[in-house]
Amino acid sequence: MTGGQLMAEATRRLGPYWTMTRSQVYRELPALAEGGLVRVGKPGPRASVPYTISANGKRAFTRWLNEPARIGQLRDPVALRTAFLDYLSKDTAEEMFADATEQHQEALAEARAAAKDYSDEDPNAAIAMEFAIGYHRSALSWLKKR
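A quick note: this is a predicted structure, and the numbers were derived from the prediction, not measured.

## Some thoughts on helix α5 (residues 90-121)
Reasoning step 1: Counted at 1.5 Å a residue, the expected span for α5 with its 32 residues is 46 Å, and the 46 Å between its end C-alpha atoms agrees.
Reasoning step 2: Those residues of α5 that fall on the buried side of the exposure criterion are Ala93, Met96, Phe97, Ala100, His104, Leu108, Ala111, Ala114, Ala115 and Tyr118.

## Describing the UniProt feature "domain: Transcription regulator PadR C-terminal" (unreviewed entry) in the protein
Reasoning step 1: Mapped onto the present numbering, the UniProt feature "domain: Transcription regulator PadR C-terminal" (unreviewed entry) falls on residues 74-144.
Reasoning step 2: A distance of 20 Å separates the end C-alpha atoms of residues 74-144, which is 85% helix and 0% strand.

## Here we look at the UniProt feature "coiled-coil region" (unreviewed entry) in the protein
Reasoning step 1: Residues annotated in UniProt with the feature "coiled-coil region" (unreviewed entry) correspond here to residues 90-121.
Reasoning step 2: The span residues 90-121 carries 100% helix and 0% strand; its end-to-end C-alpha distance comes to 46 Å.

## Notes on the packing of aromatic side chains
Reasoning step 1: This model, assessed by the stated rule, comprises 2 aromatic pairs.
Reasoning step 2: With centroids separated by 5.9 Å and ring planes inclined at 25°, the aromatic side chains of Phe61 and Trp64 adopt a geometry described as stacked. On the criterion of helical spacing, the pair formed by Phe61 and Trp64 is a turn pair, its members being 3 residues apart in helix α3 (residues 55-66).
Reasoning step 3: Note on Phe97 and Trp142: the rings are 6.3 Å apart at their centroids and 80° apart in plane angle, and the pair reads as edge-to-face. Here Trp142 lies in helix α6 (residues 123-144) and Phe97 lies in helix α5, a separation of 45 residues in the sequence.
Reasoning step 4: For Phe97, a relative accessible area of 10% corresponds to the buried category.
Reasoning step 5: By relative accessible area, Trp142 is classed as partly exposed at 28%.

The rules behind each value
- Residues numbered from 1 in each chain as written.
- Predicted model: local features only at pLDDT ≥ 70, side-chain atom pairs only at ≥ 80, totals over all residues.
- Heavy atoms only, no water.
- Helix = DSSP H or I, 4+ residues; strand = E, 2+ residues; numbered from the N terminus.
- Expected span 1.5 Å × (residues − 1).
- Buried < 20%, exposed > 50% of the residue type's maximum accessible area, 1.4 Å probe, protein only.
- UniProt positions renumbered as here; feature names shortened; annotations may be inferred.
- Phe/Tyr/Trp six-rings, centres within 6.5 Å; stacked < 30°, edge-to-face > 60°.

See below:
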């Protein structure tokens, strides 16, 4: 799988509840290869480079999955700006909340659709998608109070 294919699949499967950038993925792949966790294949069209997980990579992944999990760090720009509402005009604040509401409604619809798509294909992915659904529902509930 090339870096671009990895990114597309990761975004499809994880994007609703785990953010990543293309630059992060492309920066990490060579480091993973250097550490023996992935193997680099022969370059393909347009200099695409395929990667496959190695046996060491599978073992490292399994170890990581079995480590105690900690909750993530919340970083929400709307919540952050809300802490400084005294410095925003009323119109700017209302526009921010309206935009955030629209974005969360769209993301909620996408997460619901993804959960439905995954329900037969990958039940565990569907369960994980429920986190994104709950997050967007909670954000919309909070935004209604503003």
